[in-house]
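Spelled out, the chains give:
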Amino acid sequence: MARSIWWAAGGAALSACTLAMAQGGGGALGNDELRRQVMEVERAFAKTMADRDLRAFAGFVSDEAVFFSGPTPLRGKEQVVAWWARFYEGAQAPFSWEPAEVEVLASGDLALSSGPVRDPAGKLVARFTSVWRLEAPGQWRVVFDKGSPAAEAASR
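Quick look at the structure, then. Here the structure is a predicted model, which is why all the values come from computation and not from measurement.

**Looking at the overall build of the protein**
From N to C terminus, the protein includes five helices and seven strands. Secondary structure elements of the protein occur, N-terminal to C-terminal, as α-α-α-β-β-α-β-β-β-β-β-α. Per-residue burial for the protein yields a buried fraction of 34% across its 156 residues. In the structure as shown, the protein presents an accessible area of about 9,300 Å², 59% of it carried by carbon and sulfur atoms.

So, in structure tokens, the structure goes:
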């Protein structure tokens, strides 16, 4: 009996440690691992455009996101998704993007990604910058997004 209590207590302690590591920000995972996570989530986000999947796109957008896509900032997931729906119409994606750089705060709960935006022929037309927030364990969502025309991005 004492042995089974010891095993149960040990298992519970191990589970608690594992959960704490998974929920903790930068303290649990190294910066390289967090950067890899954000790079992968940015690629999955971009794949929604190639797959023509607006619903999947919406799943990456924070409820309180701000996107600088239209004539005025789009505030909240509903506005962002409604505006971006135009880019998900038709069989061919009007553009694609991919992360080139990712940096994560030491706290592990906020990250910036940036990279090229290309037209269907592969020509560089812009650069994007997105800010991602860790909203739940392993769940990164975009909170800010802004693009710059390629000429403007090149001049920086």
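**Side note on unusual backbone geometry**
A negative phi angle is the norm for most residues apart from glycine, just as the trans form is the norm for most peptide bonds. Non-glycine residue Arg52 carries a positive phi angle of around 60 degrees. As for its placement among the helices and strands, Arg52 is situated in the loop between α2 (31-50) and α3 (54-59).

**Brief notes about helix α4 (residues 77-84)**
Every buried residue of α4 is listed here: Val80, Val81 and Trp84. Within α4, the buried residues cover an arc of 95 degrees as seen down the axis, which keeps them to one side. Seen from the open side of α4, the exposed residues pointing more than 90 degrees away from its buried face are Glu78 and Ala82. The inward-facing, buried residues of α4 contact α2, α3, β1 (61-68), β2 (74-75), β3 (96-97) and β7 (139-149).

**Describing the pattern of salt bridges**
For the structure shown, the criterion picks out ten salt bridges. Between Lys47 and Asp51 there is a salt bridge, and its shortest N-O distance comes to 2.6 Å. Linked by salt bridges that have partners in common, Glu64, Arg133, Glu135 and Arg141 make up one network.

**Here's the deal with the pairing of strand β6 (residues 124-136)**
The sheet contact formed by strand β5 (residues 110-118) and β6 spans nine bridges and is antiparallel. Each residue of the ladder has a partner; that of Leu112, found in β6, is Val131. Linking β5 to β6, which pair antiparallel, is a turn of five residues; within it Gly122 sits at a positive phi near 95 degrees. Direction of pairing for β6 relative to β7: antiparallel, over a ladder of ten bridges. Counterpart to Ala126 in the pairing with β7 is Pro149. With antiparallel pairing between neighbouring strands as the criterion, β6 and β7 make up a hairpin whose turn holds two residues, including Gly138 at a positive phi of roughly 75 degrees.

**Description of the packing of aromatic side chains**
Two numbers describe a pair of aromatic rings. These are the distance of the centres and the angle of the planes. Overall, the coordinates contain 14 aromatic pairs when judged by the stated rule. Through successive ring pairs, a cluster of aromatic residues spans Phe45, Phe57, Phe60, Phe67, Trp84, Phe87, Tyr88, Phe95, Trp97 and Trp132. Across from the ring centre of Trp83, 3.6 Å away, lies the NZ or CZ of Arg86, which sits over that ring. Its end group placed over the ring of Phe68, Lys146 keeps NZ or CZ at 5.3 Å from the ring centre.

**Comments concerning the side chain of Thr48**
Relative to the helices and strands, Thr48 is located in helix α2. A polar atom in the side chain of Thr48 sits 2.6 Å from the backbone oxygen of Phe45. Discounting residues that sit within four places of it in the chain, Thr48 has contacts with Asp53, Ala56, Phe57, Phe60 and Tyr88.

**Some points on the nonpolar core**
Ranked by size, the top nonpolar core spans 31 residues in total, and within it Phe45, Phe57, Phe67, Trp84, Trp97, Trp132 and Trp140 carry the most contacts. The biggest single contributor to this core is α2, with seven residues. The residues touching Phe67, leaving out its near neighbours within four places in the chain, are Phe45, Phe57, Val61, Pro73, Leu74, Val80, Trp84, Val142 and Asp145.

Rules of the game
Residues numbered from 1 in each chain as written. Predicted model: local features only at pLDDT ≥ 70, side-chain atom pairs only at ≥ 80, totals over all residues. Heavy atoms only, no water. Helix = DSSP H or I, 4+ residues; strand = E, 2+ residues; numbered from the N terminus. Buried < 20%, exposed > 50% of the residue type's maximum accessible area, 1.4 Å probe, protein only. Areas by Shrake-Rupley, 256 points an atom, 1.4 Å probe, with all protein chains shown as cover. Arc of directions from axis to C-beta. Contact = heavy atoms within 4.5 Å. Salt bridge = Lys/Arg side-chain N within 4 Å of Asp/Glu carboxyl O. Pairing = 2+ DSSP bridges. Phe/Tyr/Trp six-rings, centres within 6.5 Å; stacked < 30°, edge-to-face > 60°. Lys NZ or Arg CZ within 6 Å of the ring centre and 35° of its normal. Polar contact = N/O pair within 3.5 Å; in protein donor to acceptor, adjacent residues only side chain to side chain. Core = buried A, V, L, I, M, F, W, Y, C linked by side-chain atoms within 4.5 Å.

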